[in-house]
Amino acid sequence: MSRIRLLIADDDAFVTQMLQQLLHDVPEVELVGVCRNGQEAIERVKELKPHVVLMDVVMPILDGVEAARHLLTAPNPPRILMWTTFEFEGPLRDALETGASGFLLKSVPLSGLVASIRAAANGLVVLGAEVAPKLRITDTPQRLDLSERERKTLRLLCRGASNASISKETFVSESTVKKTVSGLKSKLRAPSRALLIAKATKAFPELQDGETWA
């Protein structure tokens, strides 16, 4: 895509004004709209067809997690990046389970935000380096019997590789990569790719290196 169409959903006028100013000089991002609550975000997505929605967690009328859940069950949904001022473990897990493309804190620098928007637009999952450690995971098996291929796939997932990149790196077909990822989701009891990555970084801390993109 030539430019990434971005919709911001945040009820803090100061935050949205600041973002509009900061993103004005970012040539690869086209800010197509700003909305103040989750219900408005759902309506504006239909109208504006953004590639990525930057979605605040706590908003009036309809919160960001519920809005994301609604959008991600519709045909051809945008990529959704959840973000918040607070380190809420519950909404983090809920957002990852909905299939959101990532979760960031609002303290992320502009360079990190732009990189996250780009990664999400390209189909990657983004977890801020400070986010995954905050997730309390109680249903991951204590001992995991993983093959060398599964371990390498997890490592590549957590370091920024798409299925296509993993295919090239491991010399197997993309369909094999998809099967491996599906098997890993089952073993780690992770219904979504994002939650798989979050659980992997908890179970295997050595896989995490700064921002986690996969």
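Residues numbered from 1 in each chain as written. Predicted model: local features only at pLDDT ≥ 70, side-chain atom pairs only at ≥ 80, totals over all residues. Heavy atoms only, no water.

Peer 1: Explanation requested: the overall build of the protein chain in the structure shown.
Peer 2: Within the protein chain one finds nine helices and seven strands. Sequence separation of 24 or more characterises 68% of the internal contacts of the protein chain that already satisfy a separation of 6 or more. Accessible surface computed for the protein chain: about 10400 Å², of which carbon and sulfur atoms make up 50%. (Helix = DSSP H or I, 4+ residues; strand = E, 2+ residues; numbered from the N terminus. Contact = heavy atoms within 4.5 Å. Areas by Shrake-Rupley, 256 points an atom, 1.4 Å probe, with all protein chains shown as cover.)

Peer 1: For this particular structure, what's the right way to read the pairing of strand β1 (residues 4-9)?
Peer 2: Each regular strand shows side chains that alternate between the opposite faces of the sheet. A large share of β1 lies buried, amounting to five of its six residues. Relative to strand β2 (residues 29-35), β1 runs parallel, the two sharing six bridges. By the bridge assignment for β2, Arg5 is matched with Glu30. Crossover connection from β1 via helix α1 (residues 13-23) to parallel β2: handedness right-handed. Sheet topology places β1 next to strand β3 (residues 52-56); four bridges connect them, and they run parallel. If you follow Leu7 over to β3, its bridge partner there is Val53. (Buried < 20%, exposed > 50% of the residue type's maximum accessible area, 1.4 Å probe, protein only. Pairing = 2+ DSSP bridges. Right-handed = clockwise from strand over helix to strand, strands pointing away.)

Peer 1: Is there a simple way to think about helix α2 (residues 38-48) in this case?
Peer 2: In an α-helix, one turn spans 3.6 residues, which is why side chains three or four residues apart end up on the same side. By the burial criterion, the buried members of α2 are Gly38, Ala41, Ile42, Val45 and Leu48. Buried residues in α2, looked at end-on, bunch into an arc of 150 degrees, giving them a common side. Exposed residues pointing more than 90 degrees away from the buried face of α2 are listed as Lys46 and Glu47. Looking at the buried side of α2, the elements it contacts are β1, β2, β3 and α3 (64-72). For α2, the N-terminal capping position is held by Asn37, with its side-chain oxygen 3.1 Å away from the main-chain nitrogen of Gln39. One or two positions beyond α2, positive phi appears at Lys49, with a value near 50 degrees. (Arc of directions from axis to C-beta. Polar contact = N/O pair within 3.5 Å; in protein donor to acceptor, adjacent residues only side chain to side chain.)

Peer 1: Got a minute to help me understand the confidence of the model for the protein chain in this structure?
Peer 2: Keep in mind that low pLDDT regions are not for reading the predicted coordinates in detail. Residue-level pLDDT values for the protein chain average 83, and 83% of them are 70 or greater. When mean pLDDT is compared element by element in the protein chain, β1 scores highest at 97, while strand β7 (residues 212-213) scores lowest at 39. In this model residues 209-214 is a low-confidence stretch, pLDDT under 50, and it forms 30 contacts with partners more than four residues away in sequence or in other chains. (pLDDT = per-residue confidence, 0-100.)

Peer 1: What am I meant to see in a nonpolar patch on the surface here?
Peer 2: Together, Phe14, Met18, Leu22 and Leu110 make up a nonpolar patch on the protein surface, roughly 350 Å² of accessible area in all. Residue placement: Leu110 occurs in helix α5 (residues 110-121). (Patch = residues over 30% accessible without salt bridge, like charges linked within 9 Å, V, L, I, M, F, W, Y side chains within 5 Å. Salt bridge = Lys/Arg side-chain N within 4 Å of Asp/Glu carboxyl O.)

Peer 1: Whenever I open this one, the pairing of β3 confuses me. Can you help?
Peer 2: By the criterion of burial, β3 is predominantly enclosed, with five of the five residues buried. Taking every second residue as pointing to the same face, both faces of β3 are buried, with Val52, Leu54 and Asp56 on one and Val53 and Met55 on the other. Direction of pairing for β3 relative to strand β4 (residues 79-84): parallel, over a ladder of five bridges. Among the inter-strand pairings, Met55 is bridged to a residue of β4, identified as Met82. Each parallel crossover has a hand, and for β3 linked through α3 to β4 it is right-handed.

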